[in-house]
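Listed here are the chains, written in short residue letters.
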Amino acid sequence: MRYAVLVTGPAGAGKSTFSTAFATHLRVSKRTAHIVNLDPAATGDAFEYQPAIDIRELVTLDDVMGEMNMGPNGGLVFCFEYLLENMDWLEEELGGFDDDYLIIDCPGQIELYTHHPFLPQLVRNLQRMSIRTCAVYLLESQFMEDRYKFFSGVLSAMSAMVNLEVPWINIMSKMDLVSGSSSDTFEPRNGKRGKRDIARYLDPDPMLLVAARDGRDQQRGNSRFHDLNRAIVQLIEDHPLVSFLPLDLTSTDSLETVVSHIDFTMQYGEDEEPKEPHDLDEGDFADME
Ligand SMILES: Nc1nc2c(ncn2[C@@H]2O[C@H](COP(=O)(O)OP(=O)(O)OP(=O)(O)O)[C@@H](O)[C@H]2O)c(=O)[nH]1
Ligand SMILES: [Mg+2]
């Protein structure tokens, strides 16, 4: 059985950093893991890791922009169309990896997740190759500093989830910036944020949007804006699809928790044969005679 984790999320959310830490963690645990770079725009030194499979060997954004006279966004769309037309390339690249865990580091263009058909098509192709697939969606902890920004992040996670239709885990990345260096206690930093407050973000409490107390809400205090907020609150209450696992890469425990959620979501290892105790060979009895 082969497994693939799509690492998705907006630009700069920490996808490549997480992919590297994830792969390293699996290797340390004596499991095989390979990173696949799916970002045709990544520059050479963007990675700390050496991708085992790299879309840039098939197509790069630079070439597309140069040769096809396209801008960066149209160029990216072209790159993905090109990849889908050349699935045999990917299939061949993947051919060598059996019983392995593939960590697919995706680009950060949010529209790729929310309304393009590419990732769903890619997922169907992976499934056709009998690769069990799940996705993680990273949102960085700075999103928790602004309630409006945060809920737009929640809605984009929701929209990507609905678009992709695979088992899915949302992750609040860069928790080290919130909690200081200590791992699983969320001490208020600069007295600003307590544990309970953070919990309202990890398991989004739509009432955060309603509590219109600060000056910013007053500025925006027109009734249509409030109606919109109320509609969003209703949507999140009716469809509580999104909650976040905190990820603090400075803590092995935190990474381990995230990895075990991913394993569980993919039912990793469920098809492995139970290990037989190794057969006794004749030598083992030699002394007894
Ligand atoms: N403090 C902190 N910084 C992080 C963490 N993860 C990533 N960063 C920083 O955030 C920036 C972006 O990280 P990347 O891993 O390149 O993010 P990405 O999602 O791959 O970015 P794109 O591929 O450009 O969309 C870098 O400067 C990282 O050093 C983290 O856990 N904690
Ligand atoms: Mg990246």
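Every value quoted in this text rests on a predicted model; they were computed, and no experiment measured them.

Let us now look at the site of ligand 1. Close to ligand 1 lie 14 residues; Gly14, Lys15, Ser16, Thr17 and Gly108 are nearest. Elements with a minimum of two residues in the shell around ligand 1: α1 (15–28) and α8 (176–179). Of all the elements, α1 adds the most residues to the shell around ligand 1, at three residues. Class assignment of the residues belonging to the shell around ligand 1 gives a composition of four nonpolar, six polar and four charged.

So, about helix α12 (residues 223–238). A rise of 1.5 Å per residue sets the reference length of α12, with its 16 residues, at 22 Å; its end C-alpha atoms lie 22 Å apart and thus fit the reference within 8%. Counting buried residues along α12, only one of its 16 residues qualify, which leaves the element largely exposed.

For phenylalanine 150, the position within the fold is in helix α7 (residues 147–164). Residue phenylalanine 150 is classed as partly exposed on the basis of its C-beta count, with 19 C-beta atoms lying within 10 Å. When the C-alpha atoms of phenylalanine 150 and proline 204 are compared, they prove to be 9.2 Å apart, with 54 residues separating the residues in sequence.

Moving on, we come to unusual backbone geometry. Its identity as a non-glycine residue notwithstanding, serine 130 has a phi of 55 degrees, on the positive side. Residue placement: serine 130 occurs in the loop between α6 (118–128) and β5 (131–140). The exposure class of serine 130 is exposed, given the 8 C-beta atoms found within 10 Å. For glutamate 165, which is not glycine, the phi dihedral falls at a positive 55 degrees. Within the fold, glutamate 165 resides in the loop between α7 and β6 (168–173). On the neighbour-count criterion, glutamate 165 (12 C-beta atoms within 10 Å) is exposed.

Scoring rules and cut-offs
- Position numbers for residues start from 1 in each chain and track the written sequence from start to end.
- As a convention, the first chain written is A and the first ligand written is 1, with the rest following in written order.
- This being a predicted model, a pLDDT of at least 70 is required before a residue's local features are given, and a value of 80 or more before pairs of side-chain atoms are given or counted; all residues contribute to the totals for chains, interfaces and linings.
- Contact assignment follows one rule, namely that a residue is near a molecule or strand if its backbone-placed C-beta atom lies within 6 Å of it.
- Secondary structure elements follow DSSP: runs of H or I no shorter than four residues count as helices, runs of E no shorter than two count as strands, and numbering proceeds from the N terminus.
- Charged means Asp, Glu, Lys or Arg here, nonpolar means Ala, Val, Leu, Ile, Met, Phe, Trp, Tyr, Cys or Pro, and polar covers whatever is left, Gly included.
- Expected helix span is taken as 1.5 Å per residue step, with the number of steps being one fewer than the number of residues.
- To sort residues by burial, count the other C-beta atoms lying within 10 Å of each one's C-beta; a count of 20 or more means buried, 12 or fewer means exposed, and anything in between means partly exposed. C-beta atoms are built from the backbone.

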